[in-house]
Amino acid sequence: NNGDSYKPSISGTTLTNTLTGTISLNGTKVWKDNSNALNLRPANYTVKLYRNGNYQKDASFSNSKGWSFSGLAKYDANGKIYTYTIKEDEIILSNGDRYVPSLNGNILTNTLTGTTSLSGTKVWEDNNNAYNTRPSTYTVKLYRNGAYQKDATFANSKGWSFTGLAKYDVNGKLYTYTIQEDS
């Protein structure tokens, strides 16, 4: 016996036995944020429960390693087993970064994501181009954690910038960006 039972009911001369039972749905919570090195992880997170694709309720869980729903009806009125699923919305942080959820089986993973930019000024020490030797453009090489990423060419201006750069790796560890200029 798996704990299921029949609930009898009478309507006129019809005796109906409806299969009943409850189940629990639980899983593991994984945070990919470099062990919360930047102290951005929220104290709580919310999981949404769906039954046969229809929203049922939210439940808030502390920043633990698991989540659980218990006492869920196992069968519908016709004795058919319900299908339960969960979903978590992105957690948007005050700095604009996000924890993006993904679900693999019963493992709910939140990966820290965000974008950043890198910009600076270009200084020419050439007596204000008195000898007309300054090039019309210059190229800056971008490196992420020491690995070459791309070149960008800028007009002969006083500034350069790279925008929309990934801020974290797949494990939520902060990238370090550096630049070099071609001579």
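See the structure above.
1. Re the overall build of the chain
Summing up its helical and strand segments, the chain has 0 helices and 15 strands in all. Relative to a compact globule of 183 residues, whose C-alpha radius of gyration would be 16 Å, the chain shows 28 Å and is clearly more extended. In the chain, buried positions account for 29% of the 183 residues. With an accessible surface of roughly 11,700 Å², the chain has 46% of that area assigned to carbon and sulfur atoms. Between the mean site of the 20 positive side-chain charges and the mean site of the 14 negative ones, the chain shows a separation of 7 Å.

2. Looking at the pattern of salt bridges
Scanning all chains against the criterion turns up 10 salt bridges. Residues Glu88 and Lys29 are paired through a salt bridge, measuring 2.7 Å at the closest nitrogen-oxygen approach. Pair noted here: Glu88 is in the loop between β7 (84–87) and β8 (91–92) and Lys29 is in strand β3 (residues 22–32), with a separation of 59 residues, a long-range link. Across this residue pair, the class does not change: Glu88 and Lys29 are buried. Each of Lys48, Lys87 and Asp89 takes part in salt bridges that share partners, so that together they form one network.

3. Quick notes on the sheet that holds strand β12 (residues 137–144)
Taken together, 3 strands build an open sheet; the order of strands is β13-β12-β15 and the sheet is antiparallel. This sheet does not close on itself; its edge strands, each paired only once, are β13 (147–155) and β15 (177–181). Pairs of neighbouring strands in the sheet enclose a mean axial angle of 25°, with direction left out of account. Summarising the sheet, β12 and β13 pair through 8 bridges and their orientation is antiparallel.

4. Things to note about the packing of aromatic side chains
This model, assessed by the stated rule, comprises 13 aromatic pairs. Counting every residue linked through ring pairs, the aromatic cluster contains Trp31, Tyr45, Phe61, Trp67, Phe69 and Tyr99. Here Arg51 stacks its cationic end above the ring of Tyr82, 4.2 Å away from the centre of that ring.

5. Brief notes about the sheet that holds β7
Spatially, β5-β4-β7 is the arrangement adopted by the 3 strands of the open sheet, whose pairing is antiparallel. Each having just a single partner strand, β5 (54–62) and β7 make up the two edges of the open sheet. Taken over all neighbouring pairs, the strand axes of this sheet differ in orientation by 30° on average, direction set aside. In this structure, strand β4 (residues 44–51) lies alongside β7, joined through 4 bridges in antiparallel fashion. When the bridges of β7 are listed, Tyr50 appears paired with Thr85.

6. Overview of the nonpolar core
Counting residues in hydrophobic clusters, the biggest one holds 19 residues, and the most contacted among them are Val47, Trp67, Phe69 and Ile86. Mapped onto this core, the elements with two or more residues apiece are β3, β4, β5, β6 (66–73), β7 and β10 (107–113). In contact with Val47, other than residues within four places in its own chain, are Lys57, Asp58, Ala59, Phe61, Trp67, Phe69, Ile86, Lys87 and Leu108. Core analysis: the second largest hydrophobic core is formed by 10 residues, Tyr138, Val140, Ala152 and Leu165 among them.

Rules used in this analysis
- For every chain, the first residue of the written sequence is number 1, and numbering continues from 1 onward in sequence order.
- The model is predicted, so local features are restricted to residues of pLDDT at least 70 and side-chain atom pairs to those at 80 or more, both for listing and for counting; the totals for chains, interfaces and linings are taken over all residues.
- The side-chain figures draw on all heavy atoms in the structure; neither hydrogens nor water molecules are used.
- For helices the rule is a DSSP run of H or I covering at least 4 residues; for strands it is a run of E covering at least 2, with both sets numbered from the N terminus onward.
- Only C-alpha atoms enter the radius of gyration; for comparison, a globular chain is expected to reach 2.2 Å times N to the power 0.38, where N is the number of residues.
- We call a residue buried when its accessible area falls under 20% of the maximum for its residue type, exposed when it is over 50%, and partly exposed in between, using a 1.4 Å probe and counting protein chains only.
- For every accessible area listed, the method is Shrake-Rupley and the probe measures 1.4 Å; residues are considered covered only by the protein chains on display.
- Note on charges: Lys and Arg go in the positive column, Asp and Glu in the negative column, and His and the chain ends are not counted at all.
- To locate a charge, take atom NZ for lysine, CZ for arginine, CG for aspartate or CD for glutamate.
- In the sections that follow, a salt bridge refers to a side-chain nitrogen of Lys or Arg positioned within 4 Å of a carboxyl oxygen of Asp or Glu.
- Two strands pair under a simple rule: DSSP has to find at least two bridges between them.
- Only the stretch in contact is used when a helix axis is fitted, and all axes are lines through C-alpha atoms; the angle between N-to-C directions ranges over 0 to 180 degrees.
- Only Phe, Tyr and Trp rings are paired, with Trp represented by its six-membered ring, and only when their centres lie within 6.5 Å; those with planes under 30 degrees apart are stacked, over 60 edge-to-face, the remainder tilted.
- The rule for a charge over a ring is simple: NZ of Lys or CZ of Arg within 6 Å of the ring centre, and within 35 degrees of the ring normal.
- As used in this record, nonpolar core signifies buried Ala, Val, Leu, Ile, Met, Phe, Trp, Tyr and Cys residues forming a set joined through side-chain atoms within 4.5 Å.
- Contact criterion: two residues are considered in contact whenever any of their non-hydrogen atoms come within 4.5 Å of each other.

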